[in-house]
Amino acid sequence: MESSVTSTPSGRQRLAHHTLFELLSSMRFAISLLTVLAIASAIGTVLQQNQAYSSYVIEFGAFWFDVFRLLGLFDVYHSWWFLLILVFLVLSTGLCLYRQVPLMLREIRTFREHANESSLRSFAHRSEFPAPANAGETITRYLTGQGFRFKVAPSPSGDTLIAAKAGSYTRLGYIFTHAAIVIICLGGLIDGNVPLKIQETLGWKKIEKRDLPQDQVPAISRLSTANLSFRGSITIPENGDADVVFLNVADGYLVQELPFLIKLKKFRIEHYPTGQPKTFESDLIITDPDTKKSFETTIAVNHPLIYKGIAIYQASFGDGGSKLKLQGWNLYSPSSKSFPFDGVVNQTAQMSNGALAYSVEFGDFRKFNIQDAGEAEPNQEKPGFLQGMGKVMEEGAAGSTKKNLRNVGPSYQYKLRDAQGQAHEYHNYMQAIAIDGRSYWISGMRASPAEPFRYIRFPADENGTLEGYMRLRATLFDKSLHPEIARRFTDGALPDKSNPALRAKLHDSAMKILELFSNRGFDALGKFIEETLPEAEREKAADTYIKVLERALFEANQLSRSRAGLKPAEVSSDSLQFVRDSLNALNDSFFFGAPVYLQLTDFTEVTATGLQIARSPGKNIVYAGSFLLTLGIFFMFYIRERRIWLLVKPSAGTTLFAMSCNRKTIDFDKEFERHQRNLAELLSKG
């Protein structure tokens, strides 16, 4: 049968309130919240936050991207559930303080001077001494010398209880640590920008997903200078300025207005001898629109500027629109002539040969590229498309155990987009790079950002230029020259002209191989072999075709040199290796995805500074909470509360000594023995 208290609606309501209060203020609930918070913080630390959604899709795939997005893991510290945990943690810890602080303060003040003899005799650490006439005075003098505070409580029976304590302030550690958690969580809530979350929920602010110039972004997607908290990045080229910062939010952005204008006067960077960045800093001009005054300042890594409560950090650097001079080479034309082409980083240029039109989207330029120049493994005899280049250029030389970092010179990236909108991305190096003792021009290609770059090697000629390869390529693709190449090959292979039938057969075979290879490379040769020969003969035929092709290509190189007015190349290991490298490059060019190779010949670098702009009013609050947390932990772990009771019984001529500690340790046992020995000695002297 229900009691009268819980049988009424008001009674049940009070019981529900009491139960909720007990739950929120319980230590288990607070620890559970702290555990979830720690896990969430670890995820937010490991998983890079506030990146473009496309990069997350590439990294995790569509399925896990959707899962992580629904859980809010791409912006953990601003997700609704993380902020909700902070709110409940503030409530739970605050209620714990509300319940326990009065008790803690009472324990700090009290001496427990009302303990009786029976309770003292139940202590594990106790002893008994004689009680001379001046026992009370001797004991109080000793306690004072040992740093104890005490209180003397005489009883009507004539007995005197001296209650002493030391280290009672250890209980402040509990108060400090709990208060620190509340303060840190409040700082997190402030920097979590709860007001903005409320505005987004109510529809007062809307994430912009269109690619618009900042001055065309509507007001509903703009944040005023009064916004409580934000953190974003901005890139400013030299002599450029900015008074807004774009904040990545979910799959869009918001425009945060700044209460000042930032102009980059000069960006400076120093490099190590290897070319790696050493230090970089920015000379900024800050203009305040309210006062119309400007001032100059320099920021560097770990040396930010804080103005109007907003911190400006030197975060990175990049390209601010470098001007590139290029030399274009048509990869499938029978002409060896190049054409000039200009581009600007972060801009788009148009390219056309009359029939086809392309747009060239220049993405990035790097003046320095640090690579491992260790010795690479030798290539296989017939490497596949771009074999091994990604590892050599991006991961260091295969087969090398030592690091030999060096600067391989400038590089740039661009996308070549056709009229249908299909694009391939390219990564080209300006200088020829030495690999396995030979020099190559390196160009990387990928069909989508999800793929790694695969690299093609265009061999350098004896003069260290690309012209020798391009002349050979043009000669091969000029089918009107195939008969002459085949004739030269036949004369070299059969100098004796006594067997015209065999010479004609060899000539025709060379013509056929040249035609097949110039159409689609090794794939065309392989398909021809599969369609015309039985399986048992294919491997032998493939080896023969490769030898014929290499010899014919050597003659094509001699012909290309003759047409250019150059003397024939000597038959040597270098000239033969050049032909083999050219053969591989010609085959790989069929998979290059572009009809043109853009060789960087000159540039005018324009640098840009990468700044992180942040308003974080909760930061100092979190710092204060962290200091208080450290202080609380110190109090709890390094201060021990010890209590001593000495019951002086003149009638019995004895003194009962009892001692307790909040933590039972070996040190406490030793301290008890020391006090026991000292008191026994003092009281025995009377």
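This is a predicted model, so every value here is computed, not measured.

**Re the sheet that holds strand β3 (residues 160-166)**
Phase 1 of the analysis: Read from one edge to the other, the open sheet built from five strands follows the order β1-β26-β25-β3-β2, with strand pairing classed as antiparallel. Single-partner strands in this sheet number two, and they are β1 (126-130) and β2 (149-154). When strand polarity is set aside, the average angle formed by the axes of neighbouring strands in this sheet is 15°.
Phase 2 of the analysis: Sheet topology places β2 next to β3; six bridges connect them, and they run antiparallel. For phenylalanine 150, the partnering residue across the bridge sits in β3 and is alanine 164.
Phase 3 of the analysis: Its contacts with the sheet place helix α18 (residues 666-685) against β1, β25 (642-649) and β26 (654-661), and it is angled at close to 160° to β26.

**Examining the packing of helix α14 (residues 522-532) against helix α15 (residues 535-563)**
Phase 1 of the analysis: For the pair α14 and α15, the least separation of the axes is 10 Å and the interaxial angle reads 140°. Judged by the angle between their axes, α14 and α15 are oblique. The chirality of how α14 crosses α15 is right-handed. In this structure, α14 contributes Phe522, Leu525, Phe528, Ile529 and Glu530 to the contact, and α15 contributes Arg538, Ala541, Ala542, Tyr545, Ile546 and Leu549.
Phase 2 of the analysis: By residue class, the composition of the contact of α14 with α15 is nine nonpolar, no polar and two charged.

**A closer look at a nonpolar patch on the surface**
Phase 1 of the analysis: Taken together, Trp80, Leu84, Val87, Phe88 and Leu91 make up a surface patch of nonpolar side chains, about 480 Å² in accessible area.
Phase 2 of the analysis: By secondary structure assignment, the location of leucine 91 is in helix α5 (residues 80-109).

**As for the pairing of strand β7 (residues 252-271)**
Look at any regular strand and the pattern is simple: side chains alternate between the two faces of the sheet.
Phase 1 of the analysis: The pairing of strand β4 (residues 222-223) with β7 spans two bridges and is parallel. Pairing of arginine 222 across the sheet is with valine 255, part of β7.
Phase 2 of the analysis: In textbook terms, the turn of a hairpin is the stretch between consecutive antiparallel strands, and for strand β6 (residues 241-249) and β7 this stretch comprises two residues, one of which, alanine 250, has a positive phi near 50°.

**Some words on the layout of surface pockets**
Phase 1 of the analysis: Reported here for the largest pocket is a volume of approximately 1100 Å³.
Phase 2 of the analysis: Lining the largest pocket are 39 residues, and of these Asn50, Tyr77, His78, Asp191 and Arg231 sit closest to its centre.
Phase 3 of the analysis: Going through the elements one at a time, α3 (27-46), α5, α8 (171-191), α9 (194-202), β5 (230-237), β6, β24 (607-615) and α17 (618-638) are the ones with two or more residues in the lining of the largest pocket.
Phase 4 of the analysis: Looking at the lining of the largest pocket residue by residue, the classes come out as 16 nonpolar, 16 polar and seven charged.

**Some remarks on the packing of aromatic side chains**
Phase 1 of the analysis: For the structure on display, the rule yields 39 aromatic pairs.
Phase 2 of the analysis: Between tyrosine 414 and tyrosine 426 the ring centres are 5.3 Å apart and the planes differ by 25°, which places this aromatic pair in the stacked class. Here tyrosine 414 is found in strand β18 (residues 411-417), whereas its partner tyrosine 426 is found in strand β19 (residues 423-429), with 12 residues between them in sequence.
Phase 3 of the analysis: Taken together, Tyr53, Tyr56, Phe60, Phe63, Trp64, Phe65, Phe68 and Phe74 form an aromatic cluster joined through their ring pairs.
Phase 4 of the analysis: Over the face of the ring belonging to phenylalanine 111 we find lysine 165, whose NZ or CZ atom lies 4.6 Å from the ring centre.
Phase 5 of the analysis: The ring of phenylalanine 591 has arginine 520 lying over it, and the distance from NZ or CZ to the ring centre is 5.3 Å.

**Regarding the sheet that holds strand β12 (residues 323-330)**
Phase 1 of the analysis: Spatially, β13-β12-β23 is the arrangement adopted by the three strands of the open sheet, whose pairing is antiparallel. The sheet is open, and its two borders are formed by β13 (338-344) and β23 (596-604), each paired with just one other strand. Neighbouring strand axes in the sheet, compared pairwise and without regard to direction, differ in orientation by 30° on average.
Phase 2 of the analysis: As paired strands, β12 and β13 are joined by seven bridges and run antiparallel to one another. Residue pairing for β13: glutamine 327 is matched across the bridge by proline 340.

**Comments concerning α3**
Phase 1 of the analysis: Here α3 contains 20 residues, and its C-alpha end-to-end distance of 29 Å stays within 8% of the 28 Å for a straight helix at 1.5 Å per residue.
Phase 2 of the analysis: All buried positions along α3 are accounted for by Ala30, Leu33, Leu37, Ala40 and Gly44. Down the axis of α3, the buried side of the element spans an arc of 90°, and every buried residue falls inside it. α3 presents Arg28, Thr45 and Val46 as exposed residues on the side facing more than 90 degrees away from its buried surface.
Phase 3 of the analysis: Its buried side turned inward, α3 meets α5.

**Concerning unusual backbone geometry**
Phase 1 of the analysis: Of note in this structure, asparagine 193 is not a glycine but carries a positive phi near 55°.
Phase 2 of the analysis: Inspection of the secondary structure puts asparagine 193 in the loop between α8 and α9.

**With respect to the packing of helix α13 (residues 500-520) against α14**
Phase 1 of the analysis: Between α13 and α14, whose axes approach to 6 Å, the crossing angle comes to 125°. Viewed along their axes, α13 and α14 adopt a mutual orientation that is oblique. Along the contact surface, α13 presents Lys512, Ile513, Leu516, Phe517 and Arg520, while α14 presents Phe522, Asp523, Ala524, Leu525 and Phe528.

**Some points on the pairing of strand β9 (residues 293-300)**
Phase 1 of the analysis: Inspection of the sheet shows strand β8 (residues 277-288) paired to β9 by eight bridges, in the antiparallel sense. Residue pairing for β9: glutamate 281 is matched across the bridge by alanine 300.
Phase 2 of the analysis: Counted between consecutive antiparallel strands, the loop separating β8 from β9 contains four residues, among which lysine 292 sits at a positive phi close to 60°.

Here is what the cut-offs are and how they apply
- Residues numbered from 1 in each chain as written.
- Predicted model: local features only at pLDDT ≥ 70, side-chain atom pairs only at ≥ 80, totals over all residues.
- Heavy atoms only, no water.
- Pairing = 2+ DSSP bridges.
- Helix = DSSP H or I, 4+ residues; strand = E, 2+ residues; numbered from the N terminus.
- Axes fitted to C-alpha atoms, helices over the stretch in contact; angles between N-to-C directions.
- Contact = heavy atoms within 4.5 Å.
- Parallel < 35°, antiparallel > 145°, perpendicular 65-115°, else oblique.
- Left-handed = near helix turned anticlockwise from the far one by under 90°.
- Nonpolar A, V, L, I, M, F, W, Y, C, P; charged D, E, K, R; others polar.
- Patch = residues over 30% accessible without salt bridge, like charges linked within 9 Å, V, L, I, M, F, W, Y side chains within 5 Å.
- Areas by Shrake-Rupley, 256 points an atom, 1.4 Å probe, with all protein chains shown as cover.
- Salt bridge = Lys/Arg side-chain N within 4 Å of Asp/Glu carboxyl O.
- 1 Å grid on protein atoms, 1.4 Å probe; cavity = no way out; pocket = protein on both sides within 12 Å on 5 of 7 lines; lining within 4 Å.
- Points joined across faces, edges and corners; volume = space filled by probe spheres on them.
- Phe/Tyr/Trp six-rings, centres within 6.5 Å; stacked < 30°, edge-to-face > 60°.
- Lys NZ or Arg CZ within 6 Å of the ring centre and 35° of its normal.
- Expected span 1.5 Å × (residues − 1).
- Buried < 20%, exposed > 50% of the residue type's maximum accessible area, 1.4 Å probe, protein only.
- Arc of directions from axis to C-beta.

Treat this as a map of the structure, not an account of what it does.
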